[in-house]
Amino acid sequence: MELHGYDDPVYIISVAAELLNMHPQTLRMYEREKLIVPKRTDANNRMYSQRDLDEIREIRKLTREEGVNLSGVRIILKLRRELYE
């Protein structure tokens with residue numbers, strides 16, 4: 001059994017959407033808005049890591065529970081990424 005790391009792209013969009021209980025179109029919209037950047041396979045299929053799923057959960061929390069719009073979410077995520085890099 002192969003174990004995958006936190007950043008390894010292992011979930012296709014349909015599985016990621018199911019794990020997150022959201023529509024795949026929402027994930028595509030987050031990508032268009034540059035909130036999340038999933039890896040791509042040679043066939044150009046999106047692949048999500050566990051880190052991606054956690055970031056998407058955070059996006060959902062910020063927008064649904066905190067009332068932050070997507071522009072605000074983008075700034076928050078950018079600052080967090082800079083802080084932890």
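What counts, and at which threshold
- Residues numbered from 1 in each chain as written.
- Predicted model: local features only at pLDDT ≥ 70, side-chain atom pairs only at ≥ 80, totals over all residues.
- Heavy atoms only, no water.
- Core = buried A, V, L, I, M, F, W, Y, C linked by side-chain atoms within 4.5 Å.
- Buried < 20%, exposed > 50% of the residue type's maximum accessible area, 1.4 Å probe, protein only.
- Helix = DSSP H or I, 4+ residues; strand = E, 2+ residues; numbered from the N terminus.
- Contact = heavy atoms within 4.5 Å.
- Patch = residues over 30% accessible without salt bridge, like charges linked within 9 Å, V, L, I, M, F, W, Y side chains within 5 Å.
- Areas by Shrake-Rupley, 256 points an atom, 1.4 Å probe, with all protein chains shown as cover.
- Salt bridge = Lys/Arg side-chain N within 4 Å of Asp/Glu carboxyl O.

So, about the nonpolar core. Counting residues in hydrophobic clusters, the biggest one holds 16 residues, and the most contacted among them are Leu 27, Tyr 30, Tyr 48 and Ile 56. Contributing elements (two or more residues each) for this core: α1 (13-20), α2 (24-32), α3 (50-64) and α4 (70-84). Setting aside chain neighbours within four positions, we find Tyr 30 in contact with Met 22, Leu 35, Ile 36, Ile 56, Ile 59, Arg 60, Thr 63 and Leu 70.

The next subject is a nonpolar patch on the surface. Side chains of Ile 12, Val 15 and Leu 19 sit close together on the surface and give an oily, nonpolar patch of about 230 Å² of accessible area. Secondary-structure assignment places Leu 19 in helix α1.

Attention now moves to unusual backbone geometry. Note: most residues except glycine have negative phi, and most peptide bonds are trans. In the Ramachandran plot, Lys 34 falls in the positive-phi region, its phi being about 60° despite a non-glycine side chain. Among the secondary structure elements, Lys 34 is positioned in the loop between α2 and β2 (39-40). For Asn 44, which is not glycine, the phi dihedral falls at a positive 70°. Relative to the elements of secondary structure, Asn 44 occurs in the loop between β2 and β3 (46-48).

Turning our eyes to something else, we now look at the pattern of salt bridges. Two side chains bearing opposite charge may form a pair once their charged atoms approach each other closely. Counted by the stated rule, this structure contains eight salt bridges. When the shortest N-O distance is used, the salt bridge between Glu 31 and Arg 40 registers 3.0 Å. Residue classification places Arg 40 among the partly exposed positions, given a relative accessible area of 36%. Close ionic contact of Arg 74 with Glu 33 constitutes a salt bridge, the shortest N to O distance being 2.9 Å. Taken together, the residues Arg 74 in helix α4 and Glu 33 in the loop between α2 and β2 connect sequence positions 41 residues apart. Note on Glu 33: relative accessible area 31%, which makes it partly exposed. Connected through salt bridges with shared partners, the residues Glu 31, Arg 40 and Arg 46 form a single ionic network.

Note that Ala 16 resides in helix α1. For the pair Ala 16 and Met 47, spaced 31 residues apart in sequence, the C-alpha to C-alpha distance is 8.5 Å. Once residues within four sequence positions are removed from consideration, Ala 16 is found in contact with Tyr 11, Leu 27, Tyr 48 and Leu 53.

These results come straight from atomic positions and should not be treated as a statement about function.
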